[in-house]
Number of protein chains: 2
Amino acid sequence: MTQQMPQQMTQPMPQQSARTPTIGVFDSGFGGLTVLRALLPLIPGAHYVYVGDTARLPYGSKSRQTIARYAVESARFLHQQGADLLVIACNTASALALPEIRAALPIPVIGVIQPGTEAAQASLPGSTKASQPQVLVLATSATVQSHAYADSLRAMGIAATEKACPLLVPLAEEGWIDHPVTAEVLRIYLAEALAEAPSASTLLLGCTHYPLLKPLLQRTLQALHHPMTIIDSADATAQATASVVAALGFAAAPHDAAPVCSFYATDSVEKFQRLGSHFLGQPLPEVKLLDLGG
Amino acid sequence: MTQQMPQQMTQPMPQQSARTPTIGVFDSGFGGLTVLRALLPLIPGAHYVYVGDTARLPYGSKSRQTIARYAVESARFLHQQGADLLVIACNTASALALPEIRAALPIPVIGVIQPGTEAAQASLPGSTKASQPQVLVLATSATVQSHAYADSLRAMGIAATEKACPLLVPLAEEGWIDHPVTAEVLRIYLAEALAEAPSASTLLLGCTHYPLLKPLLQRTLQALHHPMTIIDSADATAQATASVVAALGFAAAPHDAAPVCSFYATDSVEKFQRLGSHFLGQPLPEVKLLDLGG
């Protein structure tokens, strides 16, 4: 999938041991920073340019046409900043606008859905194809309504149950990452979902906010006596990106090479800097205001 | 305030015992339905036209210019539908865009901030002007950041503390109106706010979603041994609207007259109908899709 070159690609492949890549990362908000967090140790020494289209979030309630237009605008900006490849670190844009973004840009574009479902597939034991759901996908209402994860898993012969968890993004944005209220909300969502999918053994986190809640999810699953393999699509997407970077022949930097990160947000840069540090796991340097109109 | 006519008003005042009014009600989403719910018994027999600009919510993260442009578009639509007066049942638009809406339309426009603060003022005992905060305002982050409520109360000589409660809207939209998780979230928010404002005796609900949580708020305040007068800006706004309708000389319908309600939403009408019934307290009839662009 991600290894396949767009037909309209015009840029030459870089030489082996040439320069390190510039990687554009796009999300409607902060959540994509969990993907960047996973990218930093995997592809050290790269130049990362991140755009959070915070002025127009959430994308979830908008039409496919509008989401595609917004995402293409951000993607074009990242290409203008010199991005050699693009990571759409946004579930909604990945679910609804990946073909439009790929058609608009002459560089490889990686979404979060396919890497997540591939990692879920790899986590399942043997070649058992159960008719009962094997994978439980937690996601926002918009992503669940798109059925992008279930469709992608079904194409692999895997039955999945999708559970909308609309409170998890606000709880993560409130900073209640390890909080009794969040634990109780997770218990309720997981109990409801597992009642529908009692045989599910893999839990796929289908929202870039959810990796922040992984420790609490693990404790909740233990308390429910239902151990599951937790697949973080941020990790899976970062791994897919590393594969693409390697396949394109970019120079590998030493493990201790410092990445260069530039951050752009379309709304309050102060809020982005403050909230973003939770998601990136480290303080953000300067965040620049980006005007995409609309 | 609301009784003052805009200078550009061109429509003639209706005769006493003339027709009943058409009242336009606008919100970025569902919350304004709590204002409509309070209007229905107060002004029976009126024609109500409601617009929820759900495709572009939340307004809270957007700039003043964008909010004003969006709100004026909806207001113009309501005027085209024959609205004799307009209720901006949206805290963000009331806080940030009321002058622009009033300048754009030749009909009276009523916001939620002023009626809410007037009701809070009326609730305070005697003429005591404490230097300690007497009013605690619960609102969304955007409304708190605008300080519209604190500024309005300060102009009345009343000290107020504003508390951002970002989880309450998602909890109300999840339908967890009477839920242990919501009770715990309320306990945490109120305990934090009352630590800052221990002498506050009036609790002003500065968000149109919060009236749904009033019973739970009352129980939480009892449990905290801190009884407060709860002011619902939905009720106060409905009362202000009734005053304007009376002042304009519209016909009063009998108490059992059935209102005629038309509903428009700019995104999924199915979701609006389903969620809206919680806020309106009764099933919604047909909801029409409205395309305002953007």
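Shown above is the structure to which this text applies.
As the structure is a prediction and not an experimental result, all values here were calculated from the model.

K.L.:
Help me understand the side chain of Thr-34 of chain B, please; the structure alone is not making it clear to me.
P.N.:
All names here are of chain B. Note on placement: Thr-34 falls in helix α1 (residues 33–42). A distance of 2.8 Å separates a polar side-chain atom of Thr-34 from the backbone oxygen of Gly-31. Among the polar contacts listed, one links the side chain of Thr-34 to the backbone oxygen of Thr-208, at a separation of 2.8 Å. Not counting chain neighbours up to four residues away, the residues in contact with Thr-34 comprise Thr-208, Pro-211, Ala-234 and Phe-279.

K.L.:
It is not clear to me how the relation of the copies chain A and chain B should be interpreted in this structure. Could you clarify?
P.N.:
What relates the pair of chain copies is a rotation about an axis plus a shift along that axis. When chain A is fitted onto chain B, the two copies agree to an RMSD of 0.0 Å after a turn of 180° and an axial shift of 0.1 Å. What the superposition gives is, in effect, a two-fold axis relating one chain to the other. Across chain A, the rotation axis passes nearest the C-alpha of Val-181 of chain A, at a separation of 3.1 Å. When you check the interface residues of chain A against chain B, 100% turn up at the interface there too, and the contact is symmetric in its surfaces.

K.L.:
Hey, could you run me through empty space enclosed by the protein in this one?
P.N.:
With a probe scaled to a water molecule rolled over the atoms, the places where space remains empty come into view. According to the stated counting rule, one finds one cavity of 30 Å³ or more in the structure shown. Taken as a whole, the largest cavity spans an internal volume of roughly 30 Å³. What lines the largest cavity is simply Leu-167, Leu-171, Val-181 and Val-185 of chain A together with Leu-167, Leu-171, Val-181 and Val-185 of chain B. For the lining of the largest cavity, the residue count by class is eight nonpolar, no polar and no charged.

Cut-offs used in this document
- Residues numbered from 1 in each chain as written.
- Chains lettered and ligands numbered in written order.
- Predicted model: local features only at pLDDT ≥ 70, side-chain atom pairs only at ≥ 80, totals over all residues.
- Heavy atoms only, no water.
- Helix = DSSP H or I, 4+ residues; strand = E, 2+ residues; numbered from the N terminus.
- Polar contact = N/O pair within 3.5 Å; in protein donor to acceptor, adjacent residues only side chain to side chain.
- Contact = heavy atoms within 4.5 Å.
- Least-squares fit on C-alpha atoms with pLDDT ≥ 70 in both.
- 1 Å grid on protein atoms, 1.4 Å probe; cavity = no way out; pocket = protein on both sides within 12 Å on 5 of 7 lines; lining within 4 Å.
- Points joined across faces, edges and corners; volume = space filled by probe spheres on them.
- Nonpolar A, V, L, I, M, F, W, Y, C, P; charged D, E, K, R; others polar.

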